[in-house]
Amino acid sequence: MAPSIDRMVSIMIALLFLCLGAEAVDRSNFKTCDQSSFCKRQRELMPGQSPYRALLDTLELSDSRITLQLINDNNKVRLLLELYRLQGNMTRIKINELKPLKPRYEVPDVLLNDPPTEPMTLVAQDVNSVVLSLGVDEQRVIVNARPFRLDIVEGPKVLLSLNSRGLLAFEHLRLRKDTISHKITSTVGSMWDSIKSVFSSKHDTDAEDGGGSDNAELPDDEDGQTVKEEEDKPGMWEETFKTHSDSKPNGPTSISLDFSFPGVEHLYGIPEHADTLKLKNTDGGEPYRLYNLDVFQYELNNLMALYGAVPVIISHNTERTMGVFWLNAAESWVDISSSTSGKGSNEAPQTDVRWISESGIIDVFFMSGPRPNDVFAQYASLTGTQAFPALATLGYHQCRWNYNDQEDVKAVDEGFDEHDIPYDFIWLDIEHTDGKRYFTWDPNKFSQPKEMLQGLMDKRRKMVAIVDPHIKVDSGYSIHNEIRSKGFYVKNKDGGDYEGWCWPGNSGYPDFTNPEMRAWWASKFAYDQYTGSMENLFTWNDMNEPSVFNGPEVTMHKDAMHGNWEHRDVHNIYGIYVQRATAEGQIQRSGGTERPFVLTRAFFAGSQRYGAVWTGDNAAEWGHLKISIPMCLSLGLVGISFCGADVGGFFKHPSTELLVRWYQAGAYQPFFRAHAHLDTPRREPWLFGPDNTALIREAIRQRYTLLPYWYQLFYNAYRTGQPVMRPLWVEYPEDPDTFAIEDEYLLGKDLLVHPVTEEGAKGVTAFLPGKGEVWYDVHTFQKHKGAQNLYIPVTMSSIPVFQRGGSIISRKDRVRRSSACMENDPYTLYVALSPQGTAEGEIYIDDFHTFKFETDKQFIHRRLHFSDNALSSSNLAPDSQFTTASWIEKVVIMGASRPTSVSLTTADGTKTALEFEFDSAASVLTLRKPGVNAGADWTVFLV
């Protein structure tokens, strides 16, 4: 009876969620700022009334940092400010209680290491301010005492100000008033007044020394001013949302700080939100929320929290790009306010940002650029770069909830061959398991998983199976029994194992913040532990916000415990720990040689180190197709390049036009996966008639021809932190016309993509950036000038893509059934000449799946260069050791003139005449069969 009961539970859960989210998310399930008591309290504070003063006589300067005490003149609580000058033109500022009642949470494991520091020097100090030199480009830190304010300046310009609006607020840890009163009255009821007086005096002394308890009465401070009694407000000591109660054992602990960006109008970042690329002004509305949540069929153009949270904002204007990284894993809200600093014709813009978090400390990094790529490198030095994926993961992925059984998987696999459509991965959702018991297989539908996997391996294809971080509470389930026996579950506030409702029904939640738990989890991916798994099986971590169907806001209670820390402290990093443990398990199962692939729904700063992300439960609507572009662009700006959206939309049934357009767009986004809900009709690419099958086939084939370029871009992202998919302003930072564009984007710096995202479109208008530059249509080779809006007529077969003049892109034009089948195939070089007749590019080759490129320097990295009518290939990595069977099959030169002859000279001096064709109408020169190895030195001369 158990299996049928499990299936019935799953069906009931699915039906419940369909009913709740049939049209759109039920917003009443999720808090607004007014319903989040700490957000409401902090937002009630008015600018210009800061109680904080810097005690300049407490300043201490060492080689690595300065420390300085701040005092709240209302309650006499002291804070400790630490300031570090970091290598790479960055500044770190930490603010904590000087003497908290207990430690406050500081986020571990997100930073690669303790960032290296550089010395600062004291430039000037008086009773009102301190000036410190940061040693770079005349950069200084100016600390003003009353009220406390910190400015980072460069020469005469203020780059960034902290607390310029006076919104620093630090709710110190304290004892609850009624707790204090109870203790006192139960001791000596008749002596209440005298004891109360003694207690108040002692407590005031503690506060002056940085202590944090609350007071009923306090004497005057050293200036003769009465210390204000702090008022208890609703939600400070306990809070209820719907039927859920939050016990708040530590009371109010929220923090807030404002930042001002003079001269800045454009801010980006703080994903994940289904909204515009440029961040909006939140005055008079809801702030942006950062709180990882399972939002079923989310709304568009909304600042609600979604599945992931990266607390990084990037500012940009024509002169400078900068970044702010707010390292805090608790629920956070971000307010953005635009203003001007002057009047009349000399008005200058300014944008103010206010961060509010529920707990933890203030730990913020200022990345001062000055160019976009500098900010990307600075952030990467803190949290790491995008993991370098295996080539196959950049191919096409076929998924739905759920493929029925092994025969279904085999039929779908054969369907791709029958219709000559390449793909690399087929996916299995939760129904493949034995009753939602992860690491298992349904004994009836997937009784021979190795046979299924071997069939895919024989075709050089792979599979992804879901492994979610909620564990069925079932005494017959070994995974559950082991976690319980080892004490690895998250605990509830009373000390028992925390349990909630998810797909298996009653579920436990492993504590992934515990390194012992993560090590155990990783061990479960070993081939002898994960029965039926093979080397071509990879993993999808869904529901890892964590999702708790019967929890507050569909997630875990904040007073649940992870060791000594509350869930409220760690919420936004739970998902990254799940993905990390899974990725480490895949690496370990191969003896450390194979690169992992793990897709995650929840993410945080640093998630880029562990795999890919997708935009969650979208819908088959044109608006969701459009919003996928700014959503992925926002992720790329904060380090997460491996991003995509469910092609076709997860919910609902797309029209054939929408489906085709989504395939065309998805083929030019980093993670390319089709996925659909259990309740939607089947959507395999050949089910919409031969004409649409041909259009989808062509879009997927275009993806496969560009795999060498995608692979090179991800290698560069791994090395440098630069985003793969990037807004136009990243490469054209001085052109304001690019700053708000979000319907087109660049892949690397050399391909511009403008997907068709309007229903019934007959044309699109693409902005081609770069005054004095040229762009070539990759399909027709037609040349267009930069710095113009170009109207492009489109048909259903159109995918507007342009190659930048001055670039060289390598492709593989022989498309086979999977990327692995193409590994040794020849390359075609597409050379797009600049108006000056030059071009630059790269080609990168390794074994496409192991870490040997790093451990053993087994790779090829070459520079491709065209100038003075000569095209050459030279080695960028002379210490590397690798050979390839691939060769250069063809060279296509756009913007060329007709030569009289073409010859190839190899490294040993051998000279060979080459055949060529010239299209005078298109100014395209095609060189056929140079025949040289892709890893060799060679030069082609045009005469």
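Just so it is clear, the model here is predicted, and its values are computed rather than measured. (Residues numbered from 1 in each chain as written. Predicted model: local features only at pLDDT ≥ 70, side-chain atom pairs only at ≥ 80, totals over all residues. Heavy atoms only, no water.)

J.: Honestly, the overall build of the protein chain in this entry has me stumped. Any pointers?
T.: Of the regular secondary structure elements, the protein chain holds 17 helices and 52 strands. Against the 2.2 N^0.38 benchmark of 30 Å for 943 residues, the protein chain shows a C-alpha radius of gyration of 30 Å, consistent with a compact globule. Taken along the three principal axes of its C-alpha coordinates, the protein chain extends 105 × 75 × 50 Å. By the burial criterion, 62% of the 943 residues in the protein chain qualify as buried. Excluding contacts between residues fewer than 6 apart, the proportion of contacts in the protein chain whose partners are at least 24 apart in sequence is 71%. A total accessible area of about 34,100 Å² is found for the protein chain, and carbon and sulfur atoms account for 49% of it. (Helix = DSSP H or I, 4+ residues; strand = E, 2+ residues; numbered from the N terminus. Rg over C-alpha atoms; globule rule 2.2 N^0.38 Å. Buried < 20%, exposed > 50% of the residue type's maximum accessible area, 1.4 Å probe, protein only. Contact = heavy atoms within 4.5 Å. Areas by Shrake-Rupley, 256 points an atom, 1.4 Å probe, with all protein chains shown as cover.)

J.: Help me out: how do you make sense of the packing of aromatic side chains in this one?
T.: Within a pair of aromatic rings, the relevant descriptors are the distance that separates the centres and the angle that separates the planes. On inspection of all chains with the given rule, the structure shows 48 aromatic pairs. Through pairs of rings, three or more aromatic residues link up here, namely Phe-425, Trp-427, Phe-538, Trp-540, Phe-597, Trp-614, Phe-642, Phe-671 and Phe-714. Between the NZ or CZ atom of Lys-558 and the centre of the ring of Tyr-291, over which it lies, the distance is 5.2 Å. Between Lys-812 and the ring centre of Tyr-827, over which it is positioned, the NZ or CZ distance is 4.6 Å. (Phe/Tyr/Trp six-rings, centres within 6.5 Å; stacked < 30°, edge-to-face > 60°. Lys NZ or Arg CZ within 6 Å of the ring centre and 35° of its normal.)

J.: Is there a simple way to think about the nonpolar core in this case?
T.: Soluble globular proteins: nonpolar side chains tend toward being buried together. In this structure, Phe-325, Trp-521, Ile-573, Tyr-663, Leu-747 and Ile-893 are the most contacted members of the largest nonpolar core, which totals 209 residues. Every residue in contact with Ile-893, bar those within four places of it in the chain, is listed here: Val-831, Leu-833, Phe-866, Ser-923, Val-924, Leu-925, Leu-927 and Leu-942. Of all hydrophobic cores here, the second largest spans 50 residues; its members include Ile-66, Leu-132, Ile-362 and Val-364. (Core = buried A, V, L, I, M, F, W, Y, C linked by side-chain atoms within 4.5 Å.)

J.: Teacher, can you tell me more about helix α12 (residues 622-637) here?
T.: Because an α-helix packs 3.6 residues into every turn, residues spaced three or four apart end up facing the same way. Helix length check: α12, at 16 residues, gives a terminal C-alpha distance of 24 Å against a target of 22 Å (1.5 Å per residue), a fit within 8%. At Ser-628, α12 shows its largest bend, some 25 degrees, and a proline, Pro-630, comes one to four positions later. The buried fraction of α12 is high, at 14 of 16 residues. Phi turns positive, to about 100 degrees, at Gly-639, one or two residues after α12. (Expected span 1.5 Å × (residues − 1). Bend = angle between axes of the 7 residues up to and from the residue.)

J.: For this particular structure, what's the right way to read the side chain of His-480?
T.: Turning to its location among the elements, His-480 is positioned in helix α8 (residues 478-486). The class of His-480 is buried, set by a relative accessible area of 2%. Those residues within four positions of His-480 in sequence are excluded, and the remaining contacts are Ile-471, Lys-472, Val-473, Asp-474, Ser-475 and Tyr-489.

J.: Would you take a moment to explain the sheet that holds strand β31 (residues 612-614) for this structure?
T.: Note: strands within a sheet are paired through backbone hydrogen bonds, in either parallel or antiparallel orientation. The strand order β32-β31-β30-β27-β23-β22-β21-β33 describes an open sheet built from eight strands, whose pairing is parallel. Unpaired on one side and paired on the other, β32 (643-644) and β33 (672-674) mark the two borders of the sheet. Looking at chain direction, strand β27 (residues 537-541) and strand β30 (residues 598-600) are connected through three bridges and run parallel. Across the sheet, residue Asn-541 finds its bridge partner in β30, namely Thr-600. (Pairing = 2+ DSSP bridges.)

J.: Just to check I follow, could you spell out the pattern of salt bridges for this structure?
T.: A side chain of one charge can pair with a side chain of the opposite charge if their charged atoms are brought near each other. Within this structure, the stated rule accounts for 61 salt bridges. A salt bridge links Asp-420 to Arg-701; the shortest N-O distance between them is 3.9 Å. One end of the pair, Asp-420, is in the loop between α6 (406-418) and β22 (425-428); the other, Arg-701, is in helix α14 (residues 690-705), with 281 residues separating them in the sequence. By relative accessible area, Arg-701 is classed as partly exposed at 23%. (Salt bridge = Lys/Arg side-chain N within 4 Å of Asp/Glu carboxyl O.)

J.: Looking at this structure, I do not really get the state of the cysteines. What am I missing?
T.: Two cysteines, two sulfur atoms, one covalent bond between them: this is a disulfide. Considering all chains together, one arrives at two disulfides under this definition. Bridging Cys-33 to Cys-39, the disulfide has an S-S length of 2.0 Å. An S-S torsion of about -100 degrees defines the bridge between Cys-33 and Cys-39 as left-handed. In this pair, the class of Cys-33 matches that of Cys-39, namely buried. Along the protein chain, the cysteines engaged in disulfide bonds are linked according to the scheme 1-2, 3-4 when indexed in sequence order. With no disulfide of its own, Cys-399 lies 16 Å from the sulfur of Cys-643, the closest cysteine sulfur. (Disulfide = S-S within 2.5 Å.)

J.: What is the right way to look at unusual backbone geometry in this model?
T.: Peptide bonds are trans in most cases, and residues, glycine excluded, mostly fall at negative phi. The omega torsion of the bond from Trp-401 to Asn-402 falls at 10 degrees, within 30 degrees of zero and hence cis. By the secondary structure assignment, Asn-402 is in the loop between β21 (396-398) and α6. Looking along the chain, the bond that leaves Glu-545 and enters Pro-546 is cis, with omega of 5 degrees. As for its placement among the helices and strands, Pro-546 is situated in the loop between β27 and β28 (561-562). Despite not being glycine, Lys-436 has its phi angle at roughly 65 degrees, a positive value. Mapped onto the elements of the fold, Lys-436 is located in the loop between β22 and α7 (449-458).

J.: Just checking my understanding: could you explain the layout of surface pockets for this structure?
T.: Left-over empty space is what a probe sized like a water molecule reveals as it rolls over the atoms. Roughly 750 Å³ of volume is contained in the largest pocket. Every residue lining the largest pocket is counted, 26 residues in all, and those nearest its centre are Leu-45, Asn-72, Asn-74, Glu-230 and Lys-233. Counting residues per element, the ones that place at least two in the lining of the largest pocket are α2 (37-44) and β10 (169-170). Per element, the largest residue contribution to the lining of the largest pocket is three residues, and it comes from α2. Considered class by class, the residues forming the lining of the largest pocket number nine nonpolar, eight polar and nine charged. (1 Å grid on protein atoms, 1.4 Å probe; cavity = no way out; pocket = protein on both sides within 12 Å on 5 of 7 lines; lining within 4 Å. Points joined across faces, edges and corners; volume = space filled by probe spheres on them. Nonpolar A, V, L, I, M, F, W, Y, C, P; charged D, E, K, R; others polar.)

J.: Explain the pairing of strand β2 (residues 66-72) to me, please; I cannot follow it from the model alone.
T.: On a regular strand, one side chain projects to one face of the sheet and the next to the other, so that they alternate. A large share of β2 lies buried, amounting to seven of its seven residues. Here β2 shows a buried face lined by Ile-66, Leu-68, Leu-70 and Asn-72 and a second buried face lined by Thr-67, Gln-69 and Ile-71. Bridge analysis of strand β1 (residues 52-61) against β2 gives six bridges, and the strand direction is antiparallel. Each bridged residue has a counterpart across the sheet, and for Tyr-52 the counterpart in β2 is Asn-72. Counting the residues between successive antiparallel strands, the hairpin from β1 to β2 contains four residues. Sheet topology places β2 next to strand β3 (residues 78-86); six bridges connect them, and they run antiparallel. The residue bridging Ile-71 from the neighbouring strand is Arg-78, located in β3. Between β2 and β3, which follow one another and run antiparallel, lie five residues, and Lys-76 among them has a positive phi close to 70 degrees.

J.: Just to check I follow, could you spell out the environment of Glu-97 for this structure?
T.: Here Glu-97 shows up in strand β4 (residues 90-97). Placed 19 residues apart in sequence, Glu-97 and Arg-78 show a C-alpha to C-alpha distance of 6.3 Å. Reaching out from Glu-97, the side chain makes a polar contact with the side chain of Arg-104 at a distance of 2.8 Å. Polar side-chain contacts of Glu-97 include one of 2.9 Å to the backbone nitrogen of Leu-173. (Polar contact = N/O pair within 3.5 Å; in protein donor to acceptor, adjacent residues only side chain to side chain.)

J.: Help me out: how do you make sense of helix α9 (residues 515-523) in this one?
T.: Among the residues of α9, Met-517, Arg-518, Trp-520, Trp-521 and Ala-522 are the ones counted as buried. On its buried face, α9 is in contact with β24 (471-472), α8 and α11 (574-589). The N-cap of α9, judged by a side-chain oxygen 2.9 Å from the amide nitrogen of Glu-516 a few residues on, is Asn-514.

J.: Would you mind going over the sheet that holds β24 with me for this structure?
T.: Read across the open sheet, the three strands follow the order β24-β26-β25; overall the sheet is antiparallel. Edge positions in the sheet fall to β24 and β25 (499-502), since each has one partner strand and no second. By the bridge criterion, two bridges tie β24 to strand β26 (residues 505-508) in an arrangement that is antiparallel. Of the residues in β26, the one forming a bridge with Ile-471 is Gly-508.

J.: So what exactly am I meant to see when it comes to the environment of Ile-573 here?
T.: Counting through the fold element by element, Ile-573 comes out in the loop between α10 (567-570) and α11. Taking C-alpha positions, Ile-573 is 24 Å from Glu-482, a pair spaced 91 residues apart along the chain. What Ile-573 contacts, discounting residues up to four positions off in sequence, is Tyr-105, Val-107, Pro-108, Val-110, Ala-329 and Phe-604.

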